Amino acid sequence: MFSKPEEEEEEKKRREESNRNTMKTPSSSTLSKPPGGWSAITYILGNESFEKLASMSLIANITLYLRTKYNLTGIFLVNVVSIWSGTTNVSSIAGAIVSDAYLGRFLTLLFGSISSLLGMMAMTMTAAAPGLRPVACKEDDADSICAQPYKWQLAFLFTGLGLISIGAGGIRPCNIAFGADQFDTETEKGKAQLESFFNWWYFSFTIALIIALTIVIYIQTNISWVIGFAIPTLCLAVSITIFLIGRRRYVYKIPRGSVFVDMAKVVVAAYRKRNVDLNSSDRVSFYDSSFRFKYLNKACVIVDAEEELDSAGTAVNGWRLCRVNQVENLKCLLGIFPVWVSGVGCFLVMDQQSTFGVLQAIQMNRSIGKSFVIPPAWMGISSMIALSIWILLYEKLYIPITKRTEFSRLKIEQRIVIGIICSIMCMVVAAVVENKRRTLALKHGGFVSKLHVAALLPQFILAGLTEAIAAVGLMEFFTLRLPESLRSVAGAVFFFSLSVASYLSSLVVNIIHLITGKTPWLGGHDLNDNKLDRYYAIIAAVGVIDLIYFSWFGRKYVETAHKTPSPEGGERELEEGSGPRI
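Residues numbered from 1 in each chain as written. Predicted model: local features only at pLDDT ≥ 70, side-chain atom pairs only at ≥ 80, totals over all residues. Heavy atoms only, no water.

Relative to the helices and strands, Thr-233 is located in helix α7 (residues 225–245). Once you skip the residues sitting within four places of it in the chain, Thr-233 turns out to touch Leu-117, Met-120, Met-121 and Thr-124. (Helix = DSSP H or I, 4+ residues; strand = E, 2+ residues; numbered from the N terminus. Contact = heavy atoms within 4.5 Å.)

Below you can see the structure in the form of structure tokens.
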């Protein structure tokens, strides 16, 4: 146990270590204001807005592009979109490792943006050069046989998509973490600013998407795919320019090594000492460690001081004896896993709208008046509008009320529960609408149903509310409940949950296609031959299971994630965003 003076000394050392790992800009002494804060966030949000505009203008319309220009349909189309989306998100893990161990967040963001720019340039080439695509197929003819792309054409396409995935791997785990670096979370003001940053981060790029994607998607669908892809390519170039303009305003954190390697060391060291009795009276460890996941404490137990410590009192072999902060970092990551599982179930619903939701829109009446036809991908804009309205109401109406009354901010666990409920409602509504769409199409014997595409608005709005309430809450939870050294990991964990949801969606689709046999619920060029409503019902059932799981089990880890049991049997509170002592 620490004595009081020793605790104060350790706290002093921790703060000094934090200062050493924060590198101000070389020219910070010439600035009228110190680097960091909202002045730096302005450039980061500007970069993020244009980057998201570019990436989402592709993601929102990729299903339609592959269907109309590459003649991909059925299960293969859904698999390509889901697996690409999953790979784009899972690459965040690699980006987090590179950022934390080698390049730092600024350079990782910069190189990721450049990779995304190259990928968008390749996608623009596929639209501009007819030889890179198969011969066009008649879209509204369910009986037509369409030419499939050659392998080399798919290879070029996948190369462009791959570069975008690599770029996302550098951008996604670092943009939130780099923004969080600009605030001093050791102060109450910094904590409050950081909490608002998460909502404004989501709000700023969503507004840009609502304004721009209406134009970009319309151009892609009704005017020219070449121009429609050239615009986001230009936006990426603008994004990189804005990011570099603000380089003197940023606070930079020096890379301190990959925490994933440290975690591996903890697992190996704990296994090597699996026979050590933690209750032994002669047990010695570097420092006092927490009592959750007690097995991992064996990694920092000193069995033989002469063999395991050098003359300076540090570990000779890091794979046999670990520091307590290494152990506590792994415990922090394990502590958020039950909540992470709930996030995967919630994101599974959001994943359906970018594939099956768009396919539904294609086979519905999209006319407004006599000449205007709504692009299918425009339905996703309703999700963004719902997200933006919620954040505006929450930040500008609800939060000010809480400051004047006894009301309080919605707790993270409350937001996750509300988000899961919205996801269940989304799938139930989607199943009802799809049943009506298909019934009308079969009744009138047409490929396109007479049901207007506006009937899809409720399910897309509910998907947007799911993201606004649950996704923002989960992002805040991962970032605040992990120590500062794991902030890039927090971003990677968030996007990894999106990745797993995409892979899980693809797996469920293939399993259902296999099980339903000769009368498949999913697959084929024509949704009228499928039973998509039954698939939606299954996803809704998964949501119900997720709600039960989180309510009875997962939410406990939200409520206690910032508390660490003490040896006396009580609990000591950890500051949000702070890490264990070193």
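This part takes up the nonpolar core. Counting 121 residues, the largest nonpolar core has Leu-66 and Tyr-535 as its most contacted members. No other element matches helix α4 (residues 74–128), which puts 13 residues into this core. When neighbours within four sequence positions are excluded, Leu-66 is seen to be in contact with Asn-71, Leu-72, Leu-77, Val-80, Val-81 and Leu-157. Counting residues in hydrophobic clusters, the runner-up holds 10 residues, among them Ala-361, Met-364, Met-379 and Val-453. (Core = buried A, V, L, I, M, F, W, Y, C linked by side-chain atoms within 4.5 Å. Buried < 20%, exposed > 50% of the residue type's maximum accessible area, 1.4 Å probe, protein only.)

Okay, the state of the cysteines next. Counted under the stated rule, the structure contains zero disulfides. Left without a disulfide partner, Cys-346 is nearest to the cysteine sulfur of Cys-422, which lies 8.4 Å away. Judged by its relative accessible area of 2%, Cys-346 is buried. (Disulfide = S-S within 2.5 Å.)

One pass over the full model with this rule turns up six cavities of 30 Å³ or more. Elements supplying a minimum of two residues to the lining of the largest cavity: α2 (37–59), α4, α6 (188–223), α11 (337–362), α12 (379–404), α14 (457–481) and α15 (487–515). Partitioned by chemical class, the residues of the lining of the largest cavity number 28 nonpolar, 10 polar and four charged. (1 Å grid on protein atoms, 1.4 Å probe; cavity = no way out; pocket = protein on both sides within 12 Å on 5 of 7 lines; lining within 4 Å. Points joined across faces, edges and corners; volume = space filled by probe spheres on them. Nonpolar A, V, L, I, M, F, W, Y, C, P; charged D, E, K, R; others polar.)

What describes a pair of aromatic rings is the distance from one ring centre to the other and the angle between the planes of the rings. All chains considered together, the criterion is met by 26 aromatic pairs. On the basis of an interplanar angle of 25 degrees and a centroid distance of 5.0 Å, the ring pair of Phe-106 and Phe-243 is categorised as stacked. Of this pair, Phe-106 sits in helix α4 while Phe-243 is found in helix α7, placing the two residues 137 residues apart along the sequence. Overall, Phe-106 belongs to the buried group, its relative accessible area being 13%. We classify Phe-243 as buried; its relative accessible area is 1%. Measuring from centroid to centroid gives 5.3 Å for Phe-106 and Tyr-252, while their planes differ by 80 degrees, and the two rings are edge-to-face. Note that Phe-106 is positioned in helix α4 and Tyr-252 in strand β2 (residues 252–253), a separation of 146 residues in sequence. Of the two residues examined, Phe-106 and Tyr-252, each falls in the buried class. By the ring-pair criterion, three or more aromatic residues cluster together here, those being Phe-106, Phe-178, Phe-243, Tyr-250 and Tyr-252. Stacked on the ring of Tyr-271, the Lys or Arg Arg-274 has its end atom at 4.1 Å from the ring centre. (Phe/Tyr/Trp six-rings, centres within 6.5 Å; stacked < 30°, edge-to-face > 60°. Lys NZ or Arg CZ within 6 Å of the ring centre and 35° of its normal.)

Residues Val-98, Tyr-102, Leu-103, Leu-107, Phe-111, Ile-114, Leu-118 and Met-121 make up a contiguous nonpolar surface patch of about 710 Å² in total accessible area. Among the structural elements, Leu-107 can be located in helix α4. On the basis of relative accessible area, Leu-107 is assigned to the partly exposed category, the value being 32%. (Patch = residues over 30% accessible without salt bridge, like charges linked within 9 Å, V, L, I, M, F, W, Y side chains within 5 Å. Areas by Shrake-Rupley, 256 points an atom, 1.4 Å probe, with all protein chains shown as cover. Salt bridge = Lys/Arg side-chain N within 4 Å of Asp/Glu carboxyl O.)

What follows concerns the packing of helix α3 (residues 62–69) against α11. When two helices pack together, their arrangement is given by the angle between the helix axes and by the axis-to-axis distance. Where α3 contacts α11, the axes come no closer than 9 Å and their chain directions differ by 60 degrees. Considering their axes alone, α3 and α11 lie oblique with respect to each other. The element α3 and its partner α11 pack so that their crossing is right-handed. For the pair formed by α3 and α11, the contact residues are Thr-63, Leu-64 and Arg-67 on the first element and Ser-354, Thr-355, Val-358, Leu-359 and Ile-362 on the second. Residue classes in the contact of α3 with α11 are distributed as four nonpolar, three polar and one charged. (Axes fitted to C-alpha atoms, helices over the stretch in contact; angles between N-to-C directions. Parallel < 35°, antiparallel > 145°, perpendicular 65-115°, else oblique. Left-handed = near helix turned anticlockwise from the far one by under 90°.)

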